[in-house]
Amino acid sequence: MKASHQERADLRLLHISDTHLFGDGSLHYGIVDTTAALERVLAKASEIEGIDAVVLSGDLSEDGTEASYLTLRDLVEPWAAVHGAQVVYAMGNHDHPDAFTSVLGDRTRVHTIGRHRIVTLDSSVPGAAYGSLDADQLAWLRDTLSQPVDLGTIVVVHHPPTRAVTPLLRRLELDDQHALFGVLDGSDVRLVLSGHYHHPLVTLERGIPIVVAPGVTNTSDVATPPDTERATVGAGFALVELPASGAPRVTVVSAPSPRDGEPVFQLDAEGIRQVAESFGAPRRGDP
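All values reported here derive from a predicted model rather than from experimental measurement. Chains are numbered independently. Their residues run from 1 in the order of the written sequence. For this predicted model, a pLDDT threshold of at least 70 governs which residues receive local features, and a threshold of 80 or more governs which side-chain atom pairs are given and counted, while totals over whole chains, interfaces and linings are taken from all residues. To get the side-chain values, all heavy atoms of the structure are used, and hydrogens and water are removed first.

**Let's talk about helix H6 (residues 177-184)**
For H6, the set of buried residues is Gln177, Leu180, Phe181, Val183 and Leu184. Buried residues of H6 fall within an arc of 155° about the axis and therefore sit on the same side. Throughout, a contact is declared for two residues whenever any of their heavy atoms are within 4.5 Å. Here a helix means four or more residues in a row that DSSP labels H or I, a strand means two or more in a row labelled E, and each is numbered from the N terminus. Where H6 is buried, its residues touch helix H4 (135-145), strand E6 (153-156), strand E7 (189-194), strand E8 (201-205) and strand E9 (208-212). Buried, partly exposed and exposed residues are distinguished by accessible area as a fraction of the type maximum, computed with a 1.4 Å probe on protein chains only: under 20%, between the cut-offs, and over 50%, respectively. This arc is built from the directions going out from the helix axis to the C-beta atoms.

**A word on the sheet that holds E9**
A pair of strands is treated as paired once DSSP finds two or more bridges between them. Ordered by their spatial adjacency, six strands build an open sheet running E4-E5-E6-E7-E9-E8, and the pairing between neighbours is mixed. Bordering the open sheet on either side are strand E4 (109-113) and E8, each of which pairs with just one other strand. Averaged over all adjacent pairs, the angle separating strand axes in this sheet is 20°, with direction ignored. Relative to strand E5 (residues 116-120), E4 is paired through five bridges, and the arrangement is antiparallel. Following the sheet pairing, His111 is matched in E5 by Ile118. All axes are obtained by fitting lines to C-alpha atoms, using only the stretch in contact for helices, and the reported angles, taken between N-to-C directions, cover 0 to 180 degrees. Each of E4, E5, E6 and E7 touches H4; the most contacted strand, E5, lies at about 175° to it.

**Looking at the pairing of strand E1 (residues 11-16)**
Within E1, five of the six residues are buried, which leaves it mostly tucked inside the rest of the structure. Note that E1 and strand E12 (residues 236-242) share five bridges and pair antiparallel. For Arg12, the partnering residue across the bridge sits in E12 and is Glu241. What joins E1 to strand E2 (residues 53-56) is helix H1 (residues 34-45), and the crossover it makes is right-handed. Classification remark: right-handed applies to a crossover when, strands pointing away from the viewer, the course from the first strand over the helix to the second runs clockwise.

Interpretation note: all reported values are geometric properties and have no functional meaning in isolation.
Laid out in structure tokens, this is it:
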């Protein structure tokens, strides 16, 4: 029998990101059925025991429609109910704030799971793909963290507070990451969960583990020349286990399809510049 959240000192999270669902079932880039990809991810995770929360770290919709969020909710929440898990949603740059809030709830929120706390932030910028956290949101976070909880806090923010690997995403990072760490430093935050980069990444920033989940909709290719951005078919998730003390244990799991590895898009230096500018001013150097 699964111990209650109150009895357990560890936390097990199913970390999913970048589902990019459509309300009408359209294919992403005309290639990827993102609803089917999410279904594969949940099916792959279905035999994992002891999941306490399903954390979805943004870019949940591609078209910003209420229908897309209803599709997401109707897939994820019954799965979570069967597994006795809470569901935690965070905003991404592709998400529409009104539709997100209407279907999934508040864009910034505090979840309590036993002796842990999960805090969601909204790093989206209207009309842009880079991320930012304004002074009001940072003040709210500082106030929230001013009262520590027994086993610490997990922060969920779509744009990772760590350097991107690929050239397009280096243009679309979280703006002023130092401001966020100015709030996190000295707090009870033990872990930050993010998405946006569409490939798994685990690193430390100022001693805090940063876990970036694989994309559900596609996989960014990190083994490209410095002037190339490429994505291929591929979906997965991260299983994050946080003990009562010490570092998290992160396992990256793929949810394969027969088409894995097929190209979704490829951009050269000029294409990277054009896409970056279409999503707001370039943020970080040249590709």
